[in-house]
2 protein chains.
Amino acid sequence: MTLYGGVEAGGTKVVCAVGSGAGDIVARRVIPTADPTSTLTGVVEFFADHPVAALGIGSFGPLDLDPASPTYGHITSTPKRGWGGTDVAGILGRGLGVPVALDTDVNAAAYGEALFGAARGLHNAVYLTVGTGIGGGAVVAGRPLRGLVHTEMGHLHVRRHPDDTYAGGCPFHGDCVEGLASGPSLAARLGRPAERAGPDAPALVARQAFYLAQLVAAVTYLLSPQRVVLGGGVLGLPGLLAAVRAETVNRLGKALPAFADDLDHYLVAPDLADRSGVLGALALAADLAPNI
Amino acid sequence: MTLYGGVEAGGTKVVCAVGSGAGDIVARRVIPTADPTSTLTGVVEFFADHPVAALGIGSFGPLDLDPASPTYGHITSTPKRGWGGTDVAGILGRGLGVPVALDTDVNAAAYGEALFGAARGLHNAVYLTVGTGIGGGAVVAGRPLRGLVHTEMGHLHVRRHPDDTYAGGCPFHGDCVEGLASGPSLAARLGRPAERAGPDAPALVARQAFYLAQLVAAVTYLLSPQRVVLGGGVLGLPGLLAAVRAETVNRLGKALPAFADDLDHYLVAPDLADRSGVLGALALAADLAPNI
Ligand SMILES: Nc1ncnc2c1ncn2[C@@H]1O[C@H](COP(=O)(O)OP(=O)(O)O)[C@@H](O)[C@H]1O
Ligand SMILES: Nc1ncnc2c1ncn2[C@@H]1O[C@H](COP(=O)(O)OP(=O)(O)O)[C@@H](O)[C@H]1O
Ligand SMILES: [Zn+2]
Ligand SMILES: [Zn+2]
């Protein structure tokens, strides 16, 4: 059995895994995200012990994904200290001596969920995560969505909740949906992390549903996926998924009965817990097989 | 040379064309949209005089595009009187006795512009039209975008302009972008069509730019196309395209330099005037060639 490598590079940790690309994992290591050199050296060392035929990477970004660009495979202008300009694809590809496929962390997660998880068997699916940031990836016609760059769904501008006076925490926009509804934006208003909201939780859930339903509705109008997978730490707020469903039905109204009539199947939790990204990355590597 | 047929079915007229599918038209007829029977009979008669090997249709909707559905090829719940439930694809396919490809009018236009027009040579492009309604179609990885249904970009909820007191004209949502920025919404506020705005035109342009830039930004965040083609009658307002560009740059901010740095090439007028849709429909027919 040919083995492939998957890497999910996140802001706090890098998950490395080895498998056949069929949704299995035979070896795994989690490396805390530190400076690029030591972090990526750790990744190369793991795969030195676990040889693979190709490597797939789902990385935080923004990324240069244009194969014709001189900085293809680099992380571009990230606010993450030290990582701007890092040639993730090049460093890992040279370090392992194997072909590399690179995509965003959220596209890898969307691909993982579409192949093996909550959107299994569907050709068109969107994965949204609401955690430290808000992001979204998409699979269209069975392939991760690419364009001029990559999606940046968290920067969608949504209508502000009438009771919300928080200016918003996005360094670029202030009050885009990430600025208004990410975990840190909740903590900034509360003075403590959202997982410790206690009696404030119901008010948080209502406001979050107002914002996140606008993101789900926008995704529906602009991409018409067969399913939306909604995950991330903030979905740990009790009742939030159900509240987002209810608010999405309200917002879509009768414009799109195909979605609104069956929202429990349209908007769902991830099935792969924290493995969506790394399994999608592994699958990206396995897709390289014809070129190996 | 094999000839194919293209049909663009719109709310006021149906354009029929014959060509090789390579962006040429050798015969053309425009039929006013009346009741379904007489309109579609007119289409069948045109193609009886101009035999084609396959037919592509870009139609107003909503459409059932699910090949597994018993109502595949039907217009579903349109507000257009008499057309709800019309089996457009079936009636034309049986009438002509040839294979039929069906998509939305806006996807056909996006495909036409991506193959032969303002987004020629690009694999990822979005076409937006601002006329009697607002709609958008997309080409992703070279193919018209499909999903659970089809895109309904005009129903995106945007932030309201602070000076705008109009409730909005969308029958489903009131103040979605179509409800706030379509031609009829301008006429409802003005008391006359927007082409006769006269001294009110600059205020219209500013407000339209505020709304349409939000649509362009949302498309950018959620689809990351290589180019957005913005057309429709309302773009006849002098200076509107430039104003939408400027407002889009503001809204994207520094989150996406790849777009904002070159907006004159990213956001452009259509190249095919009123032929985008019918040329895209012709190309959809030509794509059926391997199955004929
Ligand atoms: N049970 C919970 N309820 C609400 N917010 C939570 C919960 N658990 C974690 N969070 C928030 O989610 C964010 C972390 O999201 P997560 O998806 O786990 O990580 P990341 O986005 O960094 O990959 C933090 O802002 C945290 O406060
Ligand atoms: N020069 C113009 N300036 C502003 N609005 C215009 C202009 N020309 C047409 N319109 C408006 O555009 C709408 C028609 O759009 P069009 O794209 O031509 O047709 P449709 O959307 O029906 O296919 C009407 O609401 C009309 O008032
Ligand atoms: Zn933002
Ligand atoms: Zn609407």
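Look a little higher up for the structure.
It should be emphasised that the depicted structure is a prediction, and the values quoted were computed from it without experimental measurement. Numbering of residues begins from 1 in every chain and follows the order in which that chain's sequence is written. Chains and ligands are labelled by the order in which they are written, letters from A for the one and numbers from 1 for the other. Only residues with pLDDT of at least 70 are given local features in this predicted model, and only at 80 or more are side-chain atom pairs given and counted; all residues enter the totals for whole chains, interfaces and linings. Excluded from the side-chain calculations are hydrogens and water; all other atoms, namely the structure's heavy atoms, are used.

Undergrad: Would you mind going over the coordination of the zinc ion (ligand 3) with me for this structure?
TA: Four donors placed tetrahedrally about a metal ideally form angles of 109.5 degrees, and six donors placed octahedrally ideally form angles of 90 or 180 degrees. Residue and element names in this part refer to chain A. Around the zinc ion (ligand 3), the protein supplies His155 (ND1), Cys170 (SG), His173 (ND1) and Cys176 (SG) as donor atoms, at distances of 2.1 to 2.4 Å. Distances decide who is a donor: an N, O or S atom must be within 2.8 Å of the metal, or within 3.2 Å for Na, K and Ca. Water is not included, so sites may look incomplete. A four-donor site is called tetrahedral if each angle lies between 85 and 135 degrees; a four-donor site is square planar, and a six-donor site octahedral, when trans pairs exceed 155 degrees and the remaining angles lie between 65 and 115; all other cases are labelled irregular. What the four donor atoms of the zinc ion (ligand 3) show is an angle range of 101 to 121 degrees at the metal, which sorts the shape as tetrahedral. Taken in sequence order, the residues that donate to the zinc ion (ligand 3) follow the motif H-x14-C-x2-H-x2-C.

Undergrad: Got a minute to help me understand the interface of chain B and chain A in this structure?
TA: Buried accessible area, meaning the area lost when the parts come together, often serves as the stated size of an interface. On the side of chain A, 37 residues touch chain B, which itself brings 38 residues to the contact. By buried area we mean how much accessible surface two parts lose on assembly, using a 1.4 Å probe and totalling the loss over both. A per-residue breakdown of the area chain B buries against chain A is headed by Arg159(B), Tyr221(B) and Leu222(B), which together make up 24% of the total. By definition, a salt bridge exists where a carboxyl oxygen of Asp or Glu is found within 4 Å of a side-chain nitrogen of Lys or Arg. Between the two partners, chain B and chain A, sit two salt bridges. Whenever two N or O atoms come within 3.5 Å, that pair is a polar contact, provided that in protein one can donate a hydrogen and the other can accept it, and provided that, for residues adjacent in sequence, both atoms are side-chain atoms. For the pair chain B and chain A, the number of links is 20 residue pairs in polar contact (both at pLDDT 80 or more). A run of DSSP states H or I qualifies as a helix once it reaches four residues; a run of E qualifies as a strand once it reaches two. Both are numbered from the N-terminal end. Counting only elements with at least two residues in the side of chain B that touches chain A, the list comes to α6 (201–223), α7 (240–252) and α8 (257–260) of chain B. With five residues, the single largest contributor to the side of chain B that touches chain A is α6(B). For the side of chain B that touches chain A, a count of residues per class yields 21 nonpolar, ten polar and seven charged. Residue contacts follow a heavy-atom distance rule, with two residues in contact if any of their heavy atoms lie within 4.5 Å. When residues are grouped by polarity, Ala, Val, Leu, Ile, Met, Phe, Trp, Tyr, Cys and Pro land in nonpolar, Asp, Glu, Lys and Arg in charged, and all others, Gly among them, in polar.

Undergrad: Is there a simple way to think about the coordination of the zinc ion (ligand 4) in this case?
TA: Residue and element names in this part refer to chain B. The coordination sphere of the zinc ion (ligand 4), as far as protein atoms go, consists of His155 (ND1), Cys170 (SG), His173 (ND1) and Cys176 (SG), spread over 2.1 to 2.4 Å. Note that the zinc ion (ligand 4) binds four donor atoms; their angles at the metal cover 100 to 120 degrees, and the shape is tetrahedral. Read in sequence order, the donor residues coordinating the zinc ion (ligand 4) give the pattern H-x14-C-x2-H-x2-C. Here His173 and Cys176 have matching classes, each one buried. We call a residue buried when its accessible area falls under 20% of the maximum for its residue type, exposed when it is over 50%, and partly exposed in between, using a 1.4 Å probe and counting protein chains only.

Undergrad: I keep staring at the site of ligand 2 and nothing clicks. Help me out?
TA: Residue and element names in this part refer to chain B. For this purpose, a residue is taken to be near a molecule or strand whenever a single non-hydrogen atom of the residue falls within 4 Å of it. Around ligand 2, the neighbouring residues are Gly131, Thr132, Gly183, Pro184, Ala194, Glu195, Gly232, Gly233, Val234, Gly236 and Leu237. Residue Glu195 places a side-chain N or O atom 2.6 Å away from an oxygen atom belonging to ligand 2. At a separation of 2.8 Å, an oxygen atom of ligand 2 approaches a polar backbone atom of Gly233. Burial of ligand 2 by the surrounding chains reaches 63%, relative to a free accessible area of 560 Å². The class makeup of the residues in the shell around ligand 2 is four nonpolar, six polar and one charged. Per-residue accessibility takes into account occlusion by the displayed protein chains alone, with areas from the Shrake-Rupley method and a 1.4 Å probe.

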